[in-house]
Structure formats: structure tokens, C-alpha cells
Amino acid sequence: MRSKYCGNLGIKHIDSEVQLCGWVDRCRDHGGVIFIDLRDSSGTIQITVDPEQGSALFKTAESLKNETVIQIVGTVRSRPAESINNKLKTGEIEISAKCLKILNPILSNLPFTISIHDEEPLKEELRLKYRYLDLRRERMSKNLKLRHKTIQTARNFLENEGFIEVETPILTRSTPEGARDFLVPSRVCEGEWFALPQSPQIFKQLLMVGGIERYYQIARCFRDEDLRSDRQPEFTQLDMEMSFMNQEEILDLNERLIASIWKTAKGIDLQLPFPRISWEECMNSYGTDRPDTRYGMKLQNVSSIIKEIGFKVFSNAVKSGGSVKCITIKGGNQTISNVRIKPGGDVFNEAAKAGAKGLAFIRVRDNNEIDTIGAIKDNLNNSQKIELLQKAKANPGDLILFGAGETEIVNKTLDRIRQYLAKELGLIPLDKESEVWNFLWVIDFPMFEFNKEENRLEAIHHPFCAPNESDLGANTKSWGDKLPKSRAQAYDLVLNGLELGGGSLRIHNPNLQKEVLKTIGLSENESSEQFGFLIEALKMGAPPHGGLAFGLDRIIMLLSGEDSIRDTIAFPKTQQARCLMAQAPNNVSDKQLKELHIASTWTNDE
RNA sequence: GGGACCGUAGUUCAACUGGUUAGAGCACCGCCCUGUCACGGCGGAAGUUGCGGGUUCGAAUCCCGUCGGUCCCGCCA
């Protein structure tokens, strides 16, 4: 139907005859001559319809509406010098139309305009309802092309590294741990249920046992949890697993993969290797396991200085097993008023949202005089004061904010304030030129954390992560005692405060695997019922293996500069997990339910 | 499960403290216009103010409920 794409035409095509297809982006009817901006997936070009070319052609051109689908035959010619449009890639030329055919007219008014010239922001509700139109707009088509390019780059890279792409089941079994499963009733196996995979975790490990050695997949994952701007009920992971590689080798390969993606998508050469920071140091210095290192304001632990002072809020926090930490805001005396850090102020509110009961502060004045509430000032002697200012790296003009109490809350509070103030004080460069990409690996995660509600240990990543061998010791009999406190051979890739992906070396020793399942509270029976096939497989020549998975949607979001992964997904769902276009989920017939041996217990007043 | 914000013409927004017939740009329809490119000019049509109830002489505006969207906490790695 066509000989060329609109956006690829240029002066070298002058005098040649072309046949183009696409959408009418916009028309300018001057009564005599008519200009049509024709758009296809490659770009736009101006079509000129002169009355001399015949009245039928002209009449058709007059009738065109925006978004009419047309096919034109015409000759490429240079524009008159005064009519050259430098804003347009094809602005030096135009097509003189000889023939114009309407392939599909517009029969219904469009809910919004597609043209790039229309810059008005649209309600997302509308964009999602008419997603097929939204995709026709430049923003979404650009994002989808970027997504494609990113996946293509990953495929090429992994191909060259000897990986093969293997698909794993979408219908699988429900397993404990992790997120809520989406369930699918089985018609054939009455009363039984499939679950959609939260990730291909176990399958990819079994591919390793299957001798695949290097696997990857652009894998759809499903989690039935509440949505956020960076969370969808179905999302995509770039999922990988490899045999006979140690942690360093895996990290090295993956940062080269990320670098190749950033090179093609952004033209940026990332500096390798990425910094590696232990989980412990990370929590100490940033209060979070995914720190944004584009700015300072690191957390300082001042517990030891403060534990004996008379200010009870501080000393009691330390004595009851918690801590006192602080962050120093350079020049904070100027930029942050007392109103903002006292109850009701924006900074205080941020602290409160993290669970802090108060927000103590010290302002450093000239000659290192301190300005704070009496209860702190009166209880600090001169040497404590000096030590404190040193530890906080505070100078005259600076503001120090404190978190005191349970260490977890203190970390959460100061992390939140740190992030809030970085945005607030403009410490993060927003313009494209000074964009900073601070990648880092967080390593040495603990194996488990305590779940208060369920009163048991829980795997931080998942229960297949291999523990650090030196933490476990050689004596296999003491595994059970040492496991709860050992570190995992797990790693997360963090970029500018966001987790891009993570993984671990896996357990390939069946006894160790059993021991870990026992540690998270599974009985022997439960273990073999849920994971028997995995443990069995580990007994039959499972190679040492490990892997990781990247959140592909999130990576595209960062590369495209969008704030939501919805803008990287062709057909995403709303926060209520609805598809406004297809109107899913929807009701099904009683017959369908009956075949599946299920009945809905839902009532209106639920 | 909880908190916050939002919903007005096809669309993006406006409408003061509750007070005339709910306005404007773009889109749409009609007419005019031969070099525009977000073309221009003249005219026109277009509204269950998401929905339901309440307060009031009077509600887009205030209150309650409900539906939908967004952000966040919980949840989720």
C-alpha cells in the first residue's frame, strides 16, 4: 500500500513519486491550496493539494477531518525557500498530491486530539478509556518504542553472553510466602486451583537443574496487591538465572547489561563497576535499603555521645535498645524555619508520617554556639557538644535534625526527611543535561527478618536464597542455629533511590534448603508438600546457580522520564485494577461458573 | 482496610462569600480565504455541573452517601 514512510523522506527524494499511508494530523485549508500534515509511525510530512490537480482530488481533500486514514500518491518537491519549516524534520520538502484515497473516514467525534501540537494535559481516565488513541500520540508511541529498544538491547546482549530465552508456565501452583496470588479455577480438576506466577522463580531454578545454564525471559508476573504509580497487578520482569557463576561474576555481567541498555536508550556511558555497599552500612548511613546517593545528608549515629545525657527522649531511646541518629542540613538555618520543624510544619509532618513522635533539632550558630530547646541545651556539656557537632559534620549555619527511638522508626523517619528535603531544597538536578544516574549494588542482606504479626522469621527475598557460607560455618549440624543470623548472598540494584532489581545465589543443597524452610516456620510436611519437587530436584545434580530479575516497567519509566509505569505499558490498569478500555474485570455467566465448580459469595453490602 | 485531592460542553479550564440565562480556548458544524504549518476571518450548535439524597427562598458552590480517577499509608520486593 505504500512505498515510503512519512518521517524518512528528505531532500534526496525530490522529484520521486511516493505512495504514503497514514493519519491526517491536521489540515490547513486556504480555500485555494490545502495543506495536510500526514502522520504515520515514523513522523509527519506536509501534503499539498492544489486545485489544478483536479476537482475530485480537491473535494476529497476539503472533506478531510483530523485522524482520517488516507493513502496518497504524489511527488516529492522542495518547498519554496520562504516556506521551509525548520521545526519539522521533513520541513524542507512537501508532497504534491496527485491522488488521495480515504481508507477510513472519521465517523465519531474524537474525545481528544492526537496531534503533537495539542499540549493540553489530559485526564488519565480518558487516556485509559481510549487507550488506542492515546497510543497514537507521540508520548506513548515514544515510550513503547523505547520499551521495545530496551528489550531488544537486552536480548542482543544476553544472546552474545550465551543465554537462551525460555518460557515458563502462566498457570502454576499457589505457594505460601510473598504476595497474594491470582487464582484460576480448574475445570478439569474439580475443586482445584491454579495460581498465576508472582515470578518464575522456581521454574528458572529448575531450568538450571535442567542444564540450561543461562536462561532469561521477558516474564509477565502477577501479584494481587494494592496498586501504586509504580505497581501494576501484572508487570514485566527481565528475569535471568545462570549456573556456575559466583556473585561477583553475576554482578559484573548484569552491570554490563545495564550499561548496554543505558548506552542505546540514552547514549550514556555508565561507569563500571557500580559501587557495592553492604546492607548494614546502607541502613546505618541512609536508613533504607535503597538509598538515593545523588545528595548527601547521610545519617549519623550519635547514640554513644548522647546515651548518658539528661535529655530523657535521647537517653531513654538508647537505653531501651533503640538509637539516636541525625542528619545535617547544610545552611539549614537559612532554608528551614522553626515553624516547619515544629508540630504542624511540613518537615515535622513528614517525620510523623514515618512514625516519629517528635523531631528534635539543633541550629549551629556562629562560633559553634548551639540554638535548640532548653532541654537539650541544658543537658549537653561542652565536650559532648563538640563531639556531637563533629559527628554530625555540622558547621555554623547548619541545621541538625534528630530521630530518637526504635532504630527501625528512626531510620524510616530520617530516610523520609532526607528524601523530602532533597526534593524541597532542590538537591536533585531535574534538567536533562545534569541528570545523574547513581547506580549501586546493595549486598549482604540478612537472610530473614522477624514478622511481628505472625511471630516468625520471614525470608527477606525468598526462601531459596543461599546463605553466606562463612556465616554458616563448616559444621552442618549447627546450620539451624546459625541460619537466623546469617547474611544472604543476595543483591539489589538501586538507582537514584529506586530498586531496579535484585537476586541472589540459590541454595543447591537439599538439606540446607530444608533447613531454611524450617527456619521460616514450615513443617517437614508443609515443606515437602509445597516445595517437594524442588528439594527432590536438588538431589539429582543441581548445579550451583543464581540469578536476578529487573523490573522492566520501572526501568523504562526511568529511561523515559515518566512518573508512572502506566505510561510504559500499552494497556495498563487503574488503581482499582480495572481496565477502563476493555472494562475488565467483568461478570461471567452462571454457566461458566458452574463448569468451574464455583459460586460467588459476593453481596452488595460487603 | 485507612488518609488526602479531584470530577462543570467532545475536551482543557473558568464561574468571587450560596444569588441574573453556567462562560472561554481547542475540537465540531456552516460560510469565506492560493504558501500555511498550533494558518486566518465571520457565524453556529453544544451542559442531567459523575450519580443519589439533604440543608436553603435559592446549590456547580455547603452537608451526607455513592460511583469513578489520582497520590500516599497498610499491603507488596
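Residues numbered from 1 in each chain as written. Chains lettered and ligands numbered in written order. Predicted model: local features only at pLDDT ≥ 70, side-chain atom pairs only at ≥ 80, totals over all residues. Heavy atoms only, no water.

Caption draft 1: Looking closely at the overall build of chain A. Counting its secondary structure elements, chain A contains 21 helices and 22 strands. Once the C-alpha set of chain A is aligned to its principal axes, its extents read approximately 95 × 70 × 55 Å. By residue count, 46% of the 606 residues in chain A fall in the buried class. A separation threshold of at least 6 residues defines the contact pool for chain A, and within that pool the share at least 24 residues apart is 68%. When the accessible surface of chain A is summed, it comes to about 31100 Å², and 49% of that surface belongs to carbon and sulfur atoms. (Helix = DSSP H or I, 4+ residues; strand = E, 2+ residues; numbered from the N terminus. Buried < 20%, exposed > 50% of the residue type's maximum accessible area, 1.4 Å probe, protein only. Contact = heavy atoms within 4.5 Å. Areas by Shrake-Rupley, 256 points an atom, 1.4 Å probe, with all protein chains shown as cover.)

Caption draft 2: Up close: the protein's contact with RNA strand B. Around RNA strand B, a shell composed of 47 residues is seen, among which Arg 28, Arg 79, Ser 83, Glu 94 and Glu 225 lie nearest. The sugar-phosphate backbone supplies 56% of the atoms of RNA strand B found within 4 Å of the protein. Contacts to RNA strand B include Arg 79, whose side-chain N or O atom sits 2.5 Å from a base nitrogen. Contact between RNA strand B and Gln 575: a phosphate oxygen at 2.7 Å from a main-chain N or O atom of the residue. Elements represented by at least two residues in the surface near RNA strand B include exactly β1 (17-29) and α2 (124-129). Across the surface near RNA strand B, the residue classes tally to 10 nonpolar, 14 polar and 23 charged. (Near = heavy atom within 4 Å. Polar contact = N/O pair within 3.5 Å; in protein donor to acceptor, adjacent residues only side chain to side chain. Nonpolar A, V, L, I, M, F, W, Y, C, P; charged D, E, K, R; others polar.)

Caption draft 3: A look at the pairing of strand β14 (residues 360-364). Counting buried positions along β14 yields five of five residues, so the element is predominantly enclosed. Two strands pair when backbone bridges link them, and β14 and strand β16 (residues 399-405) are joined in this way by four bridges, in the antiparallel orientation. Along β16, the bridge assignment pairs Arg 363 with Leu 399. As judged from the three bridges shared by β14 and strand β15 (residues 370-372), these two strands associate in the antiparallel manner. Considered in β15, the bridge of Arg 363 is made with Asp 371. Taking the residues that link successive antiparallel strands as the turn, the β14-β15 hairpin has five residues, and the phi of Asn 367 there is positive, at about 60°. (Pairing = 2+ DSSP bridges.)

Caption draft 4: Fine view of the sheet that holds β15. Strand order in the open sheet formed by five strands is β12-β13-β16-β14-β15, with antiparallel pairing between adjacent strands. Looking along the sheet, the strands with just one partner apiece sit at the ends: β12 (300-301) and β15. Running at roughly 10° to strand β13 (residues 323-329), helix α15 (residues 407-424) makes contact with β13 and β16 of the sheet. (Axes fitted to C-alpha atoms, helices over the stretch in contact; angles between N-to-C directions.)

Caption draft 5: Up close: α15. Taking 1.5 Å as the rise per residue, α15 with 18 residues should run 26 Å; its terminal C-alpha atoms sit 25 Å apart, in good agreement. Among the residues of α15, those classed as buried are Val 410, Asn 411, Thr 413, Leu 414, Asp 415, Ile 417, Arg 418, Leu 421 and Ala 422. Against the buried residues of α15 lie α7 (279-286), β13, α12 (346-353) and β16. At the C-terminal side of α15, Gly 426 shows a positive phi close to 70°. (Expected span 1.5 Å × (residues − 1).)

Caption draft 6: Region of the structure containing the packing of aromatic side chains. Throughout the structure, instances matching the rule amount to eight aromatic pairs. Ring geometry for Phe 311 and Phe 314: centres 4.9 Å apart, planes at 70°, overall edge-to-face. Relative accessible area serves as the criterion here: at 2%, Phe 314 is assigned to the buried category. (Phe/Tyr/Trp six-rings, centres within 6.5 Å; stacked < 30°, edge-to-face > 60°.)

Caption draft 7: Representation of the nonpolar core. Core analysis: the biggest nonpolar cluster contains 67 residues, and Met 240, Ile 258, Trp 262, Phe 439 and Phe 550 have the highest contact counts within it. At eight residues, the largest contribution of residues to this core is made by helix α6 (residues 247-266). (Core = buried A, V, L, I, M, F, W, Y, C linked by side-chain atoms within 4.5 Å.)

Caption draft 8: Up close: α7. Residues of α7 that are buried: Cys 282, Met 283, Ser 285 and Tyr 286. Buried residues along α7 sit against β11 (276-278), β13, α15 and β17 (439-443). The first or second residue beyond α7 is Gly 287, which carries a positive phi of 75°.

Caption draft 9: The packing of helix α4 (residues 138-160) against α6, seen in detail. The contact between α4 and α6 brings their axes to 9 Å, and the two run at 140°. Here α4 is positioned oblique relative to α6, judged by the angle of their axes. α4 and α6 meet at a crossing whose hand is right-handed. Here α4 contributes Leu 146, Lys 149, Thr 150, Thr 153, Ala 154, Phe 157 and Leu 158 to the contact with α6, which in turn contributes Leu 253, Arg 256, Leu 257, Ser 260, Ile 261, Thr 264 and Ala 265. Of the residues that constitute the contact of α4 with α6, the class distribution is eight nonpolar, four polar and two charged. (Parallel < 35°, antiparallel > 145°, perpendicular 65-115°, else oblique. Left-handed = near helix turned anticlockwise from the far one by under 90°.)

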